[in-house]
Structure formats: structure tokens, C-alpha cells
Amino acid sequence: MAEHAKPAWDFHGGLHIEDHKEKSLGAPVREAAVAPRLRIPLQQHIGNAAEPIVQVGEQVLKGQLIARASDYVSANLHAPTSGTVVEIAEQPIAHPSGLPSDCIVLESDGDDRWIELPEPLADYARLDPADLRERLRWAGIVGLGGAVFPTSVKTNTTGRVVDTLIINAAECEPYITCDDRLMQDQPGDVIDGALILQHIVAADQVLIGIEDNKPRAIAALRAEIEARGIANLSLRVVPTKYPSGGEKQLIYLLTGLEVPSRGLPLDVGILCQNVATTAAVADAVLRGRPLISRIVTLTGNGVAAPGNLRVPIGTPIQSLVEQMGGYTAQAHRLIMGGPMMGFALPSDDLPVVKGSNCFIVASEDEIPDPAPASPCIRCGECVKVCPARLLPQQLYWYARSRDFDKTQDQHLFDCIECGCCAYVCPASIPLVHYYRFAKTEIWAGERERQKSDHARRRHEFHDARLKRQEAERQARLRKKKEALRDKPATGKDPKKAAIEAAMKRVADKKAAQNQEQEKET
Amino acid sequence: MGVLSAILTLTLLAAVFGLLLGYAAVRFRVEGDPIVDQIDALLPQTQCGQCGYAGCRPYAEAIASGEADINLCPPGGEAGMTALADLLGRDPVPLEDEEAAAKPKSVAFIREKECIGCTLCIQACPVDAILGAAKQMHSVIADECTGCELCLPPCPVECIDMIPIRETPETWRWPYPAHNPWLEERGNG
Amino acid sequence: MQFPVASSPHLQGNNNIRLVMAQVLLALIPGTAALWWYFGWGVLINIALAGLTAVALEWLALRMRGRNPWPAVSDLSAVVTAWLLALALPPLLPWWQTVLGTAFAILVVKQLFGGLGYNPFNPAMAAYAFLLISFPADMTHWLLPSVLSGETLPLEQTWQAIFQGSATLAPHWDALTGATPLDHMRTELSQNHMISEIRQSPVWGDFGGRGWEWVGNWFLLGGLFLIWRGVISWRIPFSMLASLLLIAGLFWAIDPETHPFPAFHLFSGAAILGAFFIATDPVSASTTPRGQLIYGALIGVLVFVIRTWGGYPDAVAFAVLLMNMAAPTIDYYTQPRVFGARKEVND
């Protein structure tokens, strides 16, 4: 039964911003054409990069496993289309650093032929959750909301109780509509996936959290839920406020529970999955399909025909823009993700990855160039809007003066980088940039410290080893010296005694021989 | 009489407070690391000798004894010097050798074709990061190499290269937010 | 195609410092107009003098610091400081004292500490304290409000008095000038008069000094406007005025004859101006929500204490400066509970 209950809880802060979603909501999801060359990065997820299991020159089929998860927290990769592997090398990827990363470059042959897929597991409710997790792991499913954490790992609750499975359908950032369209076009898959996940984690109930600015998606899901008459799965509509789609914020909105500061939702009996991940789970379990494509929103005044596409992983952004009518004269910025948390890309010749939910080609008035920063006047606007209830201006002062210990005292790592603080700052200070700077410096410092501690231990062992070898050598020398000194005390030099004994033997032998000779004559 | 009582009172007070302070000094003493250990914990443990001392520990001891200044460690860089300054309550000092500090972190690599198996580099390495034996191939274990370059001088065939460690998207750090026109010099506005 | 890059978020609200300052100036206009109505042109001349000095000196200071002066000067923060200082000064203060005070505020209290955002003390109040201690006679020579003196000094004479000295008003002086209500109350109380006696004097209106209470009202209006616009938080003004009322009420309840009624405290001197415009200066005030309540409350208490038992008739400046010193400590101990943390962060 679907519920439209008024939420009892509201998180602190947040912003009401124009959502610009109508632009791309018009048409259903289009199938993107397969680009001639696909670049599939080996690292599209949290954890270790996948390891390629194909060679250059090898022919692969659509859905074929081309890279294996290298560790527990890692994910498989599959060919998004059939073709030939032409290169396995570093390629430019969509990352704020602009640094390249290893990719498998696939030249599509145009046939788009599927490999033989594994069995659909229609009767999943009877299966062991471990087997279902194995299927998710095989399919390479990761969190498609942007966090890209391997779903098979996330759903491995290792015996901990999950009271509530929350499906995150909030999609709170402006411009992004891929989840909205997914729910309108494929509500069945969403519900199927939710039920599969519920079985895997043995959750008592499932809540689908959705913002109220998606009336058509709400209607579609509600109809689906009513048609199936599921007992413990319900739809909860929350007021539209950025960032209600943040995992911790949504959990609070729907249950009033606060995920502990250094903890996980599992600590309060909750598991959260994005709605697109849910649909991918349904695809993998019910149709045996690996994750090789995703719905991507392409929007902004810089693209002629904004909308949503189902895109094979590895497609260059350029190709998507061409398919949606090309650039307009106003195209000024390219952002991957939403305008609040996404990052700006320097070029469109970069591949779509599992976490690419949206590309905004913005005009200058949609996304103006940042204003120059003024000094912080400690006005406290940022404190009013922070959903994590931090003190952003204190974090700013400490990060700016590189006092990283104090930033951690101010709970730097509780910051979800939502950007609300920088949005309201009258001094236009790039606050989130400072926090990201502080975080990566702290992580680098941790790595340095571990390296140097390790090096110190090795050096101390090296010194100890040399000392020990020296000590052993000294001991040997001492022993020899003592042996030489000890000799006169025993009276007879053993060497001399041996020579005398030998000479005696010779003399005896000679004497014996002489006696023999005498006897004969 | 008044003066005497005043003197006695003050003396008594001084004695009482003195006892209190003495007790507090003993009772609330903080067991901390000796300062040398704390300094050594902040040094990068490259054991390269660029500071002029025979390793990080001797340099730490020299700093503690006041013999050496805190700005002699290039691998530690600006951050290391600042951390030492914070620990010792001193003002930061510009690095002695800015160029050496700016050199990218590198790892040694032996060109195996040219290696003659003399073990001189193995003996030189302060962290035993080179694998090999007499007349056997020598190889640097990259994960253990600290980039101290102590193996380069002893090698008779000069077959060791220093390869800079490449930054990956995983180790990349966000740069310090720059370009603040409030801080710009006149004329550049 | 290539694109320029920047850090997220890529959207920005339309708030900026100039807008904040402009709204503060807007909110000051009603009170300033009331001051002009009751006390004549002096206050406007002071504002103009202080404003021009402030902008010019800030420009000079930034050039000397090797910075680009335009962004700093165009954000109107110097103008706000100068305006607030000018409002606190007697209308006929000699011009060079106004200039000196403004110079102290801008150069010493603001720019020497690093400019906007770095000053630990409220510049206007620090300058006022500086002038008060250095020139106590001139700084306590106030005009009587026009309702009491019966006339307002024309512009030319005001100008002359300010720029050529109050000697130009010599014959007129006694009729025009008088003590402020706070000063008057103090003097009377020190002569052991009862409140009920003091109240008989014509200087009193309904709840404060005549004329003065209306100035307070107009500033109150401006202050409420700022709260409505979200430029300032309600916490500091509310806690300051509430605590002042409470402590004044307490002492008045204990002994109504030696302590003035609570509303007197609110509507005299710079209490309302201080609550909404001075104590709320974000740079030098406390920033945590709970901290702001404590900060405001302690200012209120200090204002009462200094007025009643301290050496100066008005206490807002000193109370604010003292609490500026305490603000970092207050912030340290009142950090809000972070989402997900189980108890109050307090280290």
C-alpha cells in the first residue's frame, strides 16, 4: 500500500533552489547509439581497480566479462557492446584532477551481439542471499547514485539486522532527471529490484523516499505498488529541499534516525540504495544482464535537445551531445553530475562511467563564472544551511590556515560536500574547495605517516641487523682468541702431538719392515 | 606586631601554595615522549643524510640538543618544517635548500642488464629495500624504497635511475584555492 | 570542445557583502532621521565627515598594504563603521575629533588587524571608547533634544560649531546643551534623589528621555527590518534586550526608588542601537547559535552593571568591547551538536 504521509522529521538547513528539471523531463529515455570507440576505465567504483582479463586484439561480445574485481571491494566490468579490444592503456577520464587512468578501449563492430547470459533467477525469494549477492557481484553493480560503492559488498550485512531498506528516489539536485524518468518508464523494475534487495538483506520493510517535485514518477510507482498489493513496501513523499537525497539526510527524513558520525547506516539498522541501482539489480537477477549501460541526463542551455538517454558505459560525452542535437552557441561549461556537487570537465572527449548520472552543458547565465572571493565576515549564513550541522566558517578558517587537526576537531569528515554553505556565502568564498583541499591533504598526510613509520621500522631493523652481525663477528673473533690463549694451559699443542704421533707411526712401520727383512735373510 | 603578623601570614600562604604546586607537578605530570622521539616521529624517515646528519634519528637528536635548525630536511618539505615548528613552539624558518625540497618524490630503479651483482648498493640502502646477493641480480623493491638516493654513489656501473612517483587520480590532492583578488598586488586587479 | 573549470558548487545565491551592508545602512536611516529631527544637522555632518574619512583612509591603508583597494572599499563596510560611530558621537563634536576617531577605527582597529573579517573588536565602538577616554568633556557635551530646548540649530551655525569650535555658539550654549538622560539620571541618583522625584523632571517622556525614546523606536524599526530580511539573527538583540530588561527589572523590583524602571534602560543611550546594529557586527560577535544567546545576554548584564556602578553614563560601547574579547571562548564552548554525534562536541 502506498502512503503519502507527511514526514515527521526535517533536517537542519538545506536550500530551496530552482530545480530546472522540466527541461529534460519531456520525452522518455532514448536509446543512445553505440559510439565507434568506447573507453572503459578500470576504476569506476570505490575500491581497487578491476584487472583486465582480455588482451589487445581480442574480440568480445556484449556483456562479456572484460575485467575482474581485483579485491573484495572492487567491481567487475563487462563489454558494453560487441567489438575488438584495441588498447589497454591510460586514457583521459572524467576526474577533477584531469589525470588519466587505465582504460580498456573497445572498437565496436556495429553488431551489438550479446554473449550468452547466465540464468535468470526468477525464483529469487527461495535463494540464499549469498548466491544473489554473487550475481550482483558478477554483474558489476555499484551504487548508481554517484557513490559507486560495490553493491554486493554493501548488501553483505554480515549478520547485522536491517529493519528498513530505503530506496533513494529523491534526486534532489537541480537539472538531474534520470531517476525520475526511470521511475516513470520502468516502475516495475524499480519495485522488482527493491523486493530482491529486501530479500537479500532481510529487511522488515522497504521505504521509497521521493521528493514531491516528481508527481508523475510518484503516480507511476504508486500505481505499480497498488497493482501488486505488496504489504511492507511503501512510498514516502518528502518535501523538496536540497539535499534531501543525501543518504544521511534521507534516512533522517524517513525515520528520524541519525547515522552516527563515523558510522554507517547499518549501525541504525538501515540500508540505503539508489533507485537506479535497484533497477540494475532487477536486470541482473531477473534477466541475467550485467551492468553495461545507465540512464544519463543531458541538459542545459548549451545542448540543443535536452533529455535522457540510456548510454553504454564508455561512450564519449561528445557522442551524446551530438545525438541530442549538438551544442548551441551558448555552451559555456560542462559539468558532470549536478550543479551543486558535480565537477566541471575540461573537455567533452571523456567517457561516461557507471557513476555519470548527468551532464549539464550550461550557458553562462545558467552557471556563471565564480565571483571573486571576499574575506569571510563571519555572518553565519553558512551555519544556517549546513545539513550536517557543522560550523562551515570555522572549518574554512582552519582549512585556510592549514590547521588540519582543528578541522578534524570541527568534524571535517562529516561534511557531505553538498555546497549549501558556498551557495549562500555573501563573500563568494569557495568553501567546499577548501574542505576538499583539507580532506585530501589529511589523507595524503596519513599515507606519508604510514610510509615513514614503516620506513623507520625497516631502518631500525637494518641497524639492528648490522649490530647483530657485528656482534656475532666479534663473538667469533673472541672465541678464536680464547682458543689460542687456552692452548699452553693444556701442555701439549695438539698439532705437535699429531705430528709426533704420525712420525711415531712411520718410525714404527719402518722398524717393523726392518725386522721383516732381517728375518728373510 | 602588625608587620610581624603580615610577614607570617604571607610566608604561610607562600608555603601552602608552594606545596600545592609541588603536589600538582607530581600528581598531574603528563607522561610524554621524550622530545627526540616526538621530533623523529615528524621526520620522513628517508634516512638520506641531506640534512648533514647520518639519518633521521641523529638529526632529531641534533634538533633536540639545539645543534641543528628545523629547516634542513628537504624530503620533509615545508609541511615537515612547519610541523616541527609547531611541536617545538618556534617560528617557521625558510627551508635551507628549497630546490631539493621541491624535487618530486622518486623511487630507485636498477637497470638489470647492467647490474654486475657487486652488492655495494645493498649495503648502502638504509631500509634494506634492495633484493639480491653477491653475483646475483639486484632489484629495488619499489614499495620499500624511500627515495634517499644513497645507492647511487656506490654503484660502480651507475646503473640506478631515480624514477619520479606518478600521481594517480587516487593520490591526487585538491590544490589550495587560489586567485583571490583581495590579495592581489596593486595593478593586477 | 574545451570548457573552463571551477570547483563545485557551480550555483551561487545572490547574496553579497555590499548587499548586506547596504541593507544595514537602509535600516539605519529611520533612526538617523529621528536624530536629525531632534538634534539637528550635527549628526548628518558627522556622518558625512566620518564616512568620507573612512573611505579615504581605507583606500590609503590598502594601497599601503599592497592590496587592490577597490573590492574592499566598494563593499561599504567602512561606510557602515563610520555611520555607526557618527551616530554615537555628540552632534557638535569638533570635526577633528570625529576624523581622529574614524581614523582610529579604520586604520588601527580594522586594517592593522588585517582588514574586513579580521578585526577582533568592533571598530566603531573601539573608536568611541578611544574618543570618550581621550576627550571626556567634548564627548559628553550633548545637545538637548529640540522638544526640550525648543529650537533646532540651523545648518550654518551647526557647521560653524563643528568646524570652528563651540565658542561660536558661546552665548547660546547653555540653553542648547545639556546632559543626556542617562547622565542626568546618574547625577541625580548620586545626589541621593529618589526615582519618583527624578521622574518629575520635564526631561522624561513616557518611557525614556523625551526625544531620545523616539530615536530608540526608529532604530528598533530598522533592527526589526534587518531581522526580517535575515541580515542579522534575532538571537543577539533578543538576548541582550531581554537580559537587560530582566536584570534592570530585578533591581527595580527590589528597590524602585534607587533603580530606574526597566524600560528606561531599554530606551536610553545606545541600548537599542547597540542591540540591533552594534552587538550584531558579525566579525567581532559570537557565531554559534547558542553562543550568540550567551554573548547577547552577557552584554545586557554588563550594560546594566556599568551604567549603575561604573564610571561612565553609557555602557554599551564598553560592554560590547568586553564581550568581543570573550567571543572566541564562547564560540569554543558552544559548538552545536553535529549531525550524527551523540553528545555535545566540547574539546
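Rules used in this analysis
- In every chain, residue numbers begin from 1 and rise along the written sequence.
- Chains and ligands are labelled by the order in which they are written, letters from A for the one and numbers from 1 for the other.
- Restriction of local features to residues with pLDDT of at least 70 applies here, the model being predicted, together with a cutoff of 80 or more for giving and counting side-chain atom pairs; totals for whole chains, interfaces and linings are based on all residues.
- Only DSSP runs of H or I reaching four residues or more are called helices, and only runs of E reaching two or more are called strands; each is numbered from the N terminus.
- We take the radius of gyration over the C-alpha atoms and set the globule estimate at 2.2 Å times the residue count to the 0.38 power.
- Buried means a residue has 20 or more other C-beta atoms within 10 Å of its own C-beta, exposed means 12 or fewer, and partly exposed covers the counts in between; C-beta atoms are placed from the backbone.
- Each residue is represented by a C-beta atom placed from its backbone, and any two residues with such atoms within 7 Å are regarded as in contact.
- Only when DSSP finds a minimum of two bridges between them are two strands counted as paired.
- Throughout, the edges of the domains are those of an automatic or database domain assignment.
- Charged means Asp, Glu, Lys or Arg here, nonpolar means Ala, Val, Leu, Ile, Met, Phe, Trp, Tyr, Cys or Pro, and polar covers whatever is left, Gly included.
- Convention adopted: a line fitted to C-alpha atoms gives each axis, helices being fitted over their contacting stretch, and angles between N-to-C directions are expressed from 0 to 180 degrees.
- Reported orientations rely on four angle classes, namely roughly parallel under 35 degrees, roughly antiparallel over 145, roughly perpendicular from 65 to 115, and oblique for the rest.
- Given the number of residues in a helix, its expected span is that number minus one, multiplied by 1.5 Å.
- An arc is given here, and it is the one of the directions from the helix axis to the C-beta atoms.
- By convention the crossing between two helices is left-handed if the near helix lies anticlockwise of the far one by an angle smaller than a right angle, and right-handed if it lies clockwise.
- The term nonpolar core refers to a group of buried residues, namely Ala, Val, Leu, Ile, Met, Phe, Trp, Tyr and Cys, whose C-beta atoms join them within 7 Å.
- Here the bend at a residue is taken as the angle between two axes, fitted respectively to the seven residues that end there and the seven that start there.
- pLDDT expresses how confident the predictor is about each individual residue, on a scale running from 0 to 100.

What about the overall build of chain A?
What chain A contains, in helices and strands, is 15 helices and 17 strands. For chain A, whose C-alpha radius of gyration is 35 Å, the value lies well above the compact-globule estimate of 24 Å for 521 residues. Considering only C-alpha atoms, chain A reaches an extent of 135 × 60 × 50 Å along its principal axes. A burial count over chain A gives 51% of its 521 residues as buried. Contacts spanning at least 24 positions in sequence make up 73% of the contacts within chain A whose residues lie at least 6 apart.

What about the overall build of chain B?
Within chain B, the regular secondary structure consists of six helices and four strands. Along the chain direction, N to C, the helices and strands of chain B fall in the order α-α-α-α-α-β-α-β-β-β. For 189 residues, the compact-globule estimate of 2.2 N^0.38 gives 16 Å, and chain B exceeds it by more than 25% at 26 Å. Counting only C-alpha atoms, chain B reaches 100 × 60 × 30 Å along its principal axes. When each of the 189 residues of chain B is scored for burial, the buried share is 22%.

Some details on the sheet that holds strand E7 (residues 83-92) of chain A
All names here are of chain A. Ordered by their spatial adjacency, four strands build an open sheet running E2-E8-E7-E4, and the pairing between neighbours is antiparallel. Strands with a single pairing partner mark the edges of an open sheet, and in this sheet they are strand E2 (37-41) and strand E4 (59-60). The pairing of E7 with strand E8 (residues 100-108) spans nine bridges and is antiparallel. The residue of E8 that forms the bridge with Thr-84 is Glu-107.

Let's talk about the sheet that holds strand E6 (residues 77-78) of chain A
Sheet strands pair via backbone hydrogen bonds, and the direction of the pair is either parallel or antiparallel. All names here are of chain A. Strand order in the open sheet made by the three strands is E3-E5-E6, with antiparallel pairing throughout. Two strands lie at the open edges of the sheet, namely strand E3 (51-52) and E6, each paired on one side alone. Sheet topology places E3 next to strand E5 (residues 65-68); two bridges connect them, and they run antiparallel. Bridge pairing in E5 places Glu-51 opposite Arg-68.

As for the environment of Ser-286 of chain C
Residue and element names in this part refer to chain C. Tracing the backbone through its elements, the reader meets Ser-286 in the loop between helix H16 (271-278) and helix H17 (289-309). Looking at Ser-286, the number of C-beta atoms within 10 Å reads 28, which means it is buried. In this structure, the C-alpha to C-alpha distance between Ser-286 and Asn-217, residues 69 residues apart in sequence, is 26 Å. The residues touching Ser-286, leaving out its near neighbours within four places in the chain, are Gly-291, Gln-292, Tyr-295, Ala-327, Ile-330 and Asp-331.

A few points about the domain arrangement of chain B
Residues and elements named next belong to chain B. You can read the domains of chain B as domain 1 (35-100) and domain 2 (104-164). When each unit is reduced to the centre of its C-alpha atoms, the spacing between domain 1 and domain 2 is 26 Å. Counting from both sides, the interface comprises six residues of domain 1 and, opposite them, seven residues of domain 2. Taken together, the residues of the side of domain 1 that touches domain 2 break down into one nonpolar, five polar and no charged.

Brief notes about the interface of chain C and chain A
Contacts between the two partners involve 38 residues from chain C, matched on the other side by 52 residues from chain A. Considering each element in turn, the side of chain C that touches chain A owes the most residues, three residues, to helix H1 (residues 17-39) of chain C. Among the residues making up the side of chain C that touches chain A, the classes are represented as 19 nonpolar, 15 polar and four charged.

A word on the interface of chain A and chain B
Taken together, the contact between chain A and chain B spans 22 residues of the former and 20 residues of the latter. For the side of chain A that touches chain B, the leading source of residues is helix H14 (residues 431-490) of chain A, giving 13 residues. Split by residue class, the side of chain A that touches chain B holds nine nonpolar, nine polar and four charged.

Focus on the packing of helix H2 (residues 129-139) of chain A against helix H8 (residues 275-287) of chain A
Residues and elements named next belong to chain A. Relative to each other, H2 and H8 sit at 110 degrees, their axes nearing to 10 Å. Taken together, the axes of H2 and H8 are roughly perpendicular relative to one another. Of H8, the residues touching H2 (which contributes Leu-132, Arg-135, Leu-136 and Ala-139) are Val-281, Ala-284 and Val-285. By residue class, the composition of the contact of H2 with H8 is six nonpolar, no polar and one charged.

Some thoughts on the environment of Leu-266 of chain A
All names here are of chain A. Tracing the backbone through its elements, the reader meets Leu-266 in the loop between helix H7 (247-255) and strand E12 (270-274). In this structure Leu-266 comes out as partly exposed when scored by C-beta crowding, with 17 C-beta atoms within 10 Å. Excluding anything up to four places from it in sequence, Leu-266 contacts Thr-157, Arg-160 and Leu-271.

Describing the domain arrangement of chain A
A common measure of how large an interface is: the accessible area buried when the components associate. All names here are of chain A. If you check the domain split of chain A, you get domain 1 (22-323) and domain 2 (373-512). Inter-centroid distance (C-alpha atoms) of domain 1 to domain 2 is 41 Å. If you look at the interface, domain 1 gives five residues, while domain 2 gives six residues. Here the side of domain 1 that touches domain 2 is composed, by residue class, of two nonpolar, three polar and no charged.

What to know about helix H4 (residues 77-88) of chain B
Residue and element names in this part refer to chain B. With 12 residues, H4 ought to run about 16 Å at 1.5 Å a step, and its terminal C-alpha atoms sit 17 Å apart, in line with that. Within H4, the full set of buried residues consists of Gly-80, Met-81 and Leu-84. Projected onto a plane normal to the axis of H4, the buried residues spread over an arc of 95 degrees and lie on a single side. At its buried positions, H4 is contacted by helix H2 (35-42). With its phi angle positive at about 70 degrees, Gly-89 sits one or two positions after the end of H4.

Examining the packing of helix H4 (residues 77-88) of chain C against helix H5 (residues 95-111) of chain C
Residues and elements named next belong to chain C. Between H4 and H5, the shortest axis-to-axis distance is 10 Å and the interhelical angle comes to 135 degrees. Considering their axes alone, H4 and H5 lie oblique with respect to each other. H5 is crossed by H4, and the crossing has right-handed handedness. Counted together, Ala-78, Thr-81, Ala-82, Leu-85 and Ala-86 of H4 and Thr-98, Gly-101, Thr-102, Ala-105 and Ile-106 of H5 form the full contact between these two elements. Grouping the amino acids of the contact of H4 with H5 by side-chain chemistry returns six nonpolar, four polar and no charged.

So, the nonpolar core
Counting residues in hydrophobic clusters, the biggest one holds 248 residues, and the most contacted among them are Val-296, Leu-320, Phe-359 and Leu-431 of chain A together with Leu-85 and Tyr-128 of chain C. Leu-320 of chain A has contacts with Ala-32, Val-296, Leu-298, Leu-309, Val-311, Thr-315 and Phe-359 of chain A, leaving out every residue within four places of it along the chain. Counting residues in hydrophobic clusters, the runner-up holds 14 residues, among them Ala-108, Ile-130, Cys-145 and Leu-150 of chain B.

Notes on the pairing of strand E11 (residues 233-238) of chain A
Residue and element names in this part refer to chain A. Burial runs high along E11: five of the six residues are buried. Relative to E11, strand E10 (residues 205-211) runs parallel, the two being bridged by six bridges. What sits directly across from Val-206, in E11, is Leu-233.

A look at helix H18 (residues 316-333) of chain C
Residue and element names in this part refer to chain C. For H18, spanning 18 residues, the distance from its first C-alpha to its last is 24 Å, which sits close to the expected 26 Å at 1.5 Å a residue. The sharpest bend along H18 comes to roughly 45 degrees, located at Ala-326, with the proline Pro-328 sitting one to four residues further on. Buried residues along H18 sit against helix H6 (123-134), H16 and H17.

What about unusual backbone geometry?
Residue Tyr-242 of chain A is joined to Pro-243 of chain A through a cis peptide bond whose omega torsion reads -5 degrees. Within the element layout of this structure, Pro-243 of chain A appears in the loop between E11 and H7. Omega for the peptide link from Ser-8 of chain C to Pro-9 of chain C comes to -5 degrees, which places this bond in the cis form. Checked against the element boundaries, Pro-9 of chain C lands in the segment before H1. Phi is positive for His-20 of chain A, which is not a glycine, with a value near 50 degrees. Of note, the phi angle at Arg-402 of chain A is positive, near 60 degrees, even though the residue is not glycine. Tracing the backbone shows Arg-402 of chain A in the loop between helix H11 (392-400) and helix H12 (404-409).

Some thoughts on the confidence of the model for chain B
For chain B, the mean per-residue pLDDT works out to 85, and 93% of the residues sit at or above 70. Counting interchain partners and residues more than four positions distant, the pLDDT-below-50 stretch residues 183-189 of chain B has 10 contacts.

Some details on the environment of Leu-221 of chain C
Residue and element names in this part refer to chain C. By secondary structure assignment, the location of Leu-221 is in helix H13 (residues 212-229). Classification of Leu-221 as partly exposed rests on a count of 16 C-beta atoms within 10 Å. Placed 190 residues apart in sequence, Leu-221 and Gly-31 show a C-alpha to C-alpha distance of 8.2 Å.

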